[in-house]
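# Survey of secondary and tertiary structure
Spelled out, the chains give:
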Amino acid sequence: MAEPHAHAAAHPDHDHKPHGWRRWVFATNHKDIGTMYLVLSGTMFFIGGIAAICIRAELFQPGLQFFDPQFFNSLTTMHGLIMIFGAIMPAFVGLANWMVPMQVGAPDMALPRLNNFSFWILPFAFTLLISSFFVPGGAPAGGWTMYPPLILQTGAAFPMLIFSVHLMGMSSILGAINVVVTIMNMRAPGMTLLRMPLFVWSWLITAYLLIAVMPVLAGAVTMLLTDHFFGTTFFTAAGGGDPVMFQHIFWFFGHPEVYIMILPAFGIISEVIPTFSRKPLFGYEAMVYAVASIAFLSFIVWAHHMFTVGMPLAAQLFFMLSTMLIAIPTGVKVFNWTATMWKGSLSFEPPMLFALAFLFLFTIGGFSGLMLAMVPADYQYQDTYFVVAHFHYVLVTGALFGIMSGVYYWLPKWTGHMYDLKLGTWHFWLSAIFVNVLFFPQHFLGLAGMPRRIPDYAVQFTDWNMVSSIGAFGFGLSQLMFPYLIIKCIRAGKPAGARPWEGAHGLEWELPSPPPFHSWTTPPSDALIARGAAH
Amino acid sequence: MEPQITARARAPEGPVDAAERRRRVRRSAILFAVIAAAFYFGFIALMLVRGSR
């Protein structure tokens, strides 16, 4: 171990970190900023979750139970915006902040003050967005996709929505620039690109995606803003504009956005499965190329979200086939994760359980994605609950389970304490069971023709809606175990060693747990890097 | 011999001078900010061009 870390570990009080509120408000340390991102993400997860519970309570039986349709639509819109921009994305940025510098042997992110700015934009953005519930006309109700002309009918909340989306976009772009610049310039000597952990690789590629597509979303909502307030008609048919063009621009952002939310999860799973299989990752380079291929393909598939708006046959064929192509690199990844476990010495701690659930359940989301990619079939599935089931399998059992797996994997490293494994296992099983009770019946509802984004439905859909709502209540309640487990771990967990998982490889495990406030102030040796890069 | 930029990207083999690293960080951050701005203004410009036809 390099001298400065040994010193810091021996004298934690000499860690030279600021104290009190200034530590957080003026934070430039990547670990503190990572923690703040994760806390924000957790908070937004529960706020978005409350919206989801309200939605499922309303849908428990046909007829209007609790909310008028306008408020119901506000709930679905805000649930989507909060979960995507407030829960999933900040969680991955938080994990990147915590782990990327430690994994590449850098003392911090390349641009620490920009890092602080990127984070502190977000609480303002979400306060603005959530406070739109209390303005005349209520919160935006046109769906998270903000399609015109419907979204242009939003009341006083419209500028709040647009400004908050701009702020979120700005935060994401600045955060992504920081990640790319850190990885390209701050790696320790000897940490070559093909020695980097898969989590770092997946984040590098994700950051490129973010830099390319978040400005496109910002451009689209800027044009919505000028259509609403300044008399332009970019998307207003009455003035010669084209509402369908908004959909093209939105999904040029929106499909890569899906991969922005899943590629870092691929990275986490690629760290966790080898650790708990006690084997190196099978096909490291193929995994890197697969992630890069998925990222590239994500730019040329956007119109599969909008087959039914009408487009030439050649375009439908192109977008159908390019979408199906994604199955190839994704298949490579699933095969390699499975091959990594083959003849491994497996153990089933919470990170591995979530990773395995990810593997099975994300694949279900992938299969339903293939079904949706087929143009003739998509005409049947469009705007039904089948689509809702599909993307929740991708984003909940994919992205969210990936985040859970990562948090359970690195929590002992962050806190220096081991959490209650039994409680973590309970959390996993309750989550895995209820998430399927919640989302699997939605496939049946969609195939039977139940439309999405409605507060009421025909009586023949009642039974599966009841099952789905029971799953939602169970899933929501079981998530309360997660913050309890984390607080218990921080306060009363048993001390965790530098390497609490015996199969773990990587530079982060060469640091003590918790790592000193300033880590890798002396770059790690080549031998340490080589030992970490055991793929 | 490999071009310098490729060698840099692939394998930081020795400690890099702090001032040189700061310069590289600044340059690459500005480059990516310009790319992001180009996407933002580029898409708005595309729509303006399309609308003016």
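Okay, so let's go over this structure. The model shown is predicted, which means the values in this text are computed figures rather than measured ones.

### Things to note about the overall build of chain B
Across its full length, chain B carries two helices and zero strands. Burial statistics for chain B: of 53 residues in total, 15% are counted as buried.

### Focus on the interface of chain A and chain B
Taken together, the contact pairs 25 residues of chain A with 23 residues of chain B. Top element by residues in the side of chain A that touches chain B is helix α7 (residues 198-229) of chain A. It accounts for eight residues. Across the side of chain A that touches chain B, the residue classes tally to 18 nonpolar, six polar and one charged.

### Topic: the packing of helix α3 (residues 30-58) of chain A against helix α4 (residues 69-104) of chain A
All names here are of chain A. Across the interface, α3 lies against α4 with an axial gap of 7 Å and an inter-helix angle of 155 degrees. What the angle tells us is that α3 and α4 run roughly antiparallel. Seen from above, α3 lies across α4 with left-handed handedness.

### A short note on helix α15 (residues 385-415) of chain A
Because an α-helix packs 3.6 residues into every turn, residues spaced three or four apart end up facing the same way. The principal kink in α15 of chain A, of about 40 degrees, is found at Tyr409 of chain A, preceding the proline Pro412 of chain A by one to four residues. Of all 31 residues in α15 of chain A, 29 are buried; the element is thus mostly enclosed.

### A short note on unusual backbone geometry
All names here are of chain A. The omega torsion of the bond from Pro148 to Pro149 falls at 5 degrees, within 30 degrees of zero and hence cis. Relative to the helices and strands, Pro149 is located in the loop between α5 (112-131) and α6 (157-185). The peptide bond linking Ser513 to Pro514 adopts the cis configuration, its omega dihedral lying at -5 degrees. Relative to the elements of secondary structure, Pro514 occurs in the loop between β2 (494-495) and α19 (526-532). For Arg278, which is not glycine, the phi dihedral falls at a positive 55 degrees. One can find Arg278 in the loop between α9 (263-277) and α10 (284-297). The exposure class of Arg278 is partly exposed, given the 14 C-beta atoms found within 10 Å. Of note, Arg453 is a non-glycine position whose phi angle comes to about 60 degrees, a positive value.

Criteria and thresholds
- Residues numbered from 1 in each chain as written.
- Chains lettered and ligands numbered in written order.
- Predicted model: local features only at pLDDT ≥ 70, side-chain atom pairs only at ≥ 80, totals over all residues.
- Helix = DSSP H or I, 4+ residues; strand = E, 2+ residues; numbered from the N terminus.
- Buried ≥ 20, exposed ≤ 12 C-beta atoms within 10 Å, placed from the backbone.
- Contact = placed C-beta atoms within 7 Å.
- Nonpolar A, V, L, I, M, F, W, Y, C, P; charged D, E, K, R; others polar.
- Axes fitted to C-alpha atoms, helices over the stretch in contact; angles between N-to-C directions.
- Parallel < 35°, antiparallel > 145°, perpendicular 65-115°, else oblique.
- Left-handed = near helix turned anticlockwise from the far one by under 90°.
- Bend = angle between axes of the 7 residues up to and from the residue.

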